[in-house]
Amino acid sequence: MANSDLSNALANIQRVTQDMRAPVQKYLNRTVGYIGGTTVMKNGFNREVLNAFDQSFGYPFTPEEAEIYARQAIRFGAWEPIIRAINAMSVTQKQEDRWQYWLARGSEQRSDASSKQTAQQIYRQLAQAGDDYHNLLAKDRLGERYNHQPYDEQPTAQEIQRLNQNIHFRRAFALRDIDAPASYINREWNWAVRQAYLQKDDGVLLAAAKRASDIGWYDRAIYAADRTITRHNDSYRFSTPHRSNVTSHSYNVGIDPAWAYGLMRQESRFVTSARSHVGAGGLMQIMPNTAKLVARQMGETYNPAALSEMNTNIRYGTYYLSMIQSQLSGNAVLATAGYNAGPNRARRWQPDVQPIAADQYTETIPLLETRDYVKHVMTLIELKRMNLLFLIKPMTLLARYLIKAVQAMICAVVYSFVMPLYAAENPDIVGYVMHVQMTPAVCALDASKQKQRKCLEGYSLTISSLLPELSKSVDCTTSSSAKLSPLQAKVVARVMPDENARVQLWQNVGGCV
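Residue numbers here run from 1 along each chain, matching the order of that chain's written sequence. Only residues with pLDDT of at least 70 are given local features in this predicted model, and only at 80 or more are side-chain atom pairs given and counted; all residues enter the totals for whole chains, interfaces and linings. Side-chain numbers here rest on the full set of heavy atoms in the structure, without hydrogens or water.

Caption draft 1: Representation of the pattern of salt bridges within the structure. Put simply, a salt bridge is a Lys or Arg side-chain nitrogen that is within 4 Å of an Asp or Glu carboxyl oxygen. Within this structure, the stated rule accounts for 23 salt bridges. The shortest N-O distance in the salt bridge between Arg105 and Glu108 comes to 3.9 Å. The pair formed by Arg105 and Glu108 is uniform in burial state, with each residue classed as buried. Measuring nitrogen to oxygen at the nearest pair gives 3.4 Å for the salt bridge that ties Asp234 to Arg237. Separated by 3 residues within a single helix, Asp234 and Arg237 lie in helix H16 (residues 234-237), roughly one turn from each other. In this structure, Asp234 and Arg237 share a single accessibility class: buried. Only protein chains enter the accessibility calculation, which uses a 1.4 Å probe; a residue is then buried when its area is under 20% of its type maximum, exposed when over 50%, and partly exposed in between. Strands are runs of DSSP state E lasting at least two residues, helices are runs of H or I lasting at least four, and both sets are numbered from the N terminus onward.

Caption draft 2: Structural detail: the environment of Ser7. Locating Ser7 in the fold gives a position in helix H1 (residues 6-17). Sequence-wise, Ser7 and Asn43 are 36 residues apart; in three dimensions their C-alpha atoms are separated by 8.5 Å.

Caption draft 3: Region of the structure containing the nonpolar core. Definition used in this section: a nonpolar core is a set of buried Ala, Val, Leu, Ile, Met, Phe, Trp, Tyr and Cys residues joined via side-chain atoms within 4.5 Å. Counting 78 residues, the largest nonpolar core has Trp102, Trp259, Met264, Tyr316, Tyr339, Tyr361 and Met378 as the members making the most contacts within it. In what follows, a contact means two residues having at least one pair of non-hydrogen atoms within 4.5 Å. Setting aside anything within four residues of it in sequence, one finds Tyr339 in contact with Leu263, Glu267, Met284, Ile286, Gly317, Tyr320, Leu321, Ile324 and Tyr373. Counting residues in hydrophobic clusters, the runner-up holds 21 residues, among them Leu163, Ala209, Ala212 and Ala224.

Caption draft 4: Region of the structure containing the packing of helix H20 (residues 310-327) against helix H21 (residues 332-341). Contact geometry for H20 and H21: axes closest at 9 Å, N-to-C directions at 125°. One element, H20, and the other, H21, form an angle in the oblique class. Here the hand of the crossing between H20 and H21 comes out right-handed. Counted together, Gly317, Tyr320, Leu321, Ile324 and Gln325 of H20 and Ala332, Ala335, Gly338 and Tyr339 of H21 form the full contact between these two elements. Classes in brief: Ala, Val, Leu, Ile, Met, Phe, Trp, Tyr, Cys and Pro nonpolar; Asp, Glu, Lys and Arg charged; the others, Gly included, polar. For the contact of H20 with H21, the residue count by class is 6 nonpolar, 3 polar and no charged. As a rule, the C-alpha atoms of each element are fitted with a line to give its axis, helices using only the stretch in contact, and angles between N-to-C directions run from 0 to 180 degrees. When describing relative orientation, an angle under 35 degrees is termed roughly parallel and one over 145 degrees roughly antiparallel, while 65 to 115 degrees is termed roughly perpendicular and anything else oblique. By definition, any crossing whose near helix is turned counterclockwise from its far helix by less than a right angle is left-handed, and any crossing with a clockwise turn is right-handed.

Caption draft 5: Looking closely at the side chain of Arg220. Residue position: Arg220 is located in helix H15 (residues 218-225). Note on Arg220: relative accessible area 10%, which makes it buried. The residues contacting Arg220, other than those within four sequence positions of it, are Asn186, Trp189, Asn190 and Ala212.

Caption draft 6: Spotlight on unusual backbone geometry. The backbone phi angle of Asp179 is positive, close to 60°, even though this residue is not glycine. The residue Asp179 is located in the loop between helix H12 (167-177) and helix H13 (182-198) in this model. A positive phi is found at His242, a non-glycine position, where the angle reads about 55°. As for its placement among the helices and strands, His242 is situated in the loop between H16 and helix H17 (243-252).

Caption draft 7: Molecular detail of the environment of Ser115. As for its placement among the helices and strands, Ser115 is situated in helix H9 (residues 113-127). Relative accessible area serves as the criterion here: at 9%, Ser115 is assigned to the buried category. Sequence-wise, Ser115 and Ala104 are 11 residues apart; in three dimensions their C-alpha atoms are separated by 8.5 Å. Look past the residues within four positions of Ser115 in its chain and what remains in contact with it is Ser107 and Arg110. We call two N or O atoms a polar contact when they sit within 3.5 Å, provided that within protein one can donate a hydrogen and the other can accept it, with sequence-adjacent residues counted only if both atoms are side-chain atoms. At 2.9 Å, the side chain of Ser115 forms a polar contact with the side chain of Asp112.

Caption draft 8: Structural detail: the packing of helix H19 (residues 288-297) against H20. Put simply, H19 and H20 touch, their axes get as near as 10 Å, and they point 85° apart. Put simply, H19 runs roughly perpendicular to H20. Side by side, H19 and H20 meet where Thr290, Ala291, Leu293, Val294, Ala295 and Gln297 of the first sit next to Tyr316, Tyr319, Tyr320 and Met323 of the second. The class makeup of the residues in the contact of H19 with H20 is 8 nonpolar, 2 polar and no charged.

Caption draft 9: Quick look at the confidence of the model for the protein. For the protein, the average pLDDT comes to 83, and 78% of its residues sit at 70 or higher. Scored from 0 to 100, pLDDT records how confident the predictor is in each individual residue. Note on residues 386-427: pLDDT under 50 across the span, and 75 contacts to partners over four residues away in sequence or across chains.

Caption draft 10: Expanded view of the packing of aromatic side chains. A pair of aromatic rings is counted whenever rings of Phe, Tyr or Trp (Trp by its six-membered ring) have centres within 6.5 Å, and the orientation is called stacked for planes under 30 degrees apart, edge-to-face for over 60 and tilted otherwise. As enumerated under the stated definition, the model contains 13 aromatic pairs in all. Taking the centre distance of 5.2 Å and the plane angle of 80° together, the rings of Tyr101 and Trp102 count as edge-to-face. For the residue pair Tyr101 and Trp102, the accessibility class agrees, reading buried in each case. Three or more aromatic residues link up through ring pairs in this structure, and these residues are Phe53, Phe57, Phe61 and Tyr69. Two limits define a charge over a ring: the Lys NZ or Arg CZ must be within 6 Å of the ring centre, and within 35 degrees of the ring normal. In this structure, Arg227 packs its charged tip against the face of Tyr223, placed 3.7 Å from the ring centre.

Caption draft 11: Structural view of the side chain of Asn245. In this fold, Asn245 is placed in helix H17. Classification of Asn245 as buried rests on a relative accessible area of 17%. Setting aside residues no more than four positions away along its own chain, Asn245 makes contact with Met310, Asn311 and Ile314.

This is the structure we're talking about:
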């Protein structure tokens, strides 16, 4: 029955099994729970599936059943079942970073001090173990930021010479020079990297990554740099090619360039000519139908050949990413899932009633490919700058970027230069507020494009002046409201989502602006 009508099976299982022996009841509940947990794509999430797993507890779990039970519990924030599911795993399975993280998440919800202490201990161990997804989540739970200085190990002249003498790498570069098929080139390169890795030869790996990066062979540079053991170089591991194109197109549509780079690295490894088996193409792996939609939205004529052109591919990809984000409550995690699996799926996977944390949403994405995709992209963004944990609905990426950028500029410019220069002349001045003029991108330059979507959704930021922040002896309060156009109000709401905070700020300083 569960295979054909899960809802009916869940509704009737207790009645059907009430006169059966306990082991049989547990077995049938496990079977129904397993079917429900493996058909989320078809049937959606159902709290009764978790209840069926709870009723089956005591019957031995297979590794797959334990994972499904844990994810069902994570989805519904059922912390004790999470702990039970993880404790039912094998020792090896339980020690994986993801399950250690969720064991800590469950343990910290308990009221006793011992469980909370255990959770903190697990978080500390994970935070110190690396820079992968769950390591960074653990660091966030501890209230720490990922702020290490980028690794910048460079190969020595001797190591570059050894690279030139390495027969495996010489063959790989030679195959590339004669434009051999990519499968042959990559196979030779991967073999060369494997041999250097097995010999723990970080020097040759760094030299190979440097040479590949210097000639624009970014995917192979990443492959080599990712496999160093003790010496690392983040500029090779997290390459940022085509920087002017990525940053300008990202800012034009109001997204963080680090997000675009994370997607690009995951989608194509920066191979401009990349093609997937389903027809997606280019740096941001855009489907032809998606490109047609974007071209139409941007008021352009679609040209299939344009997807292979670097600038157009980035422009279309960043626009589409921004469009998905606006459809999905401005949430970066949902939009990343939507970019990979489609916005409709990402929307269906949202909770029906109350918000859940982004880590819960990500861990319970039904498609393994999309689940891993989101984790990788979010990790790459964090390695650039971004905080992983936020609740749906979060502060947008644009708001996060603007706030940090303005804070950094105020610290660097205002306090180091403006304050010493002017504060002594006016004792009422205690600081300066940067006046940032926000105008629709392109609109200010081309009136004919004012109604195009790219104009309405992208914003240019111009630092037009510095406004004095006066001491308390000068009354800047006001009971008026800021007079903003609808477009200005939209921008300000993205930068400062809390309406009460916006109103309070204006009432405190508006009288002097």
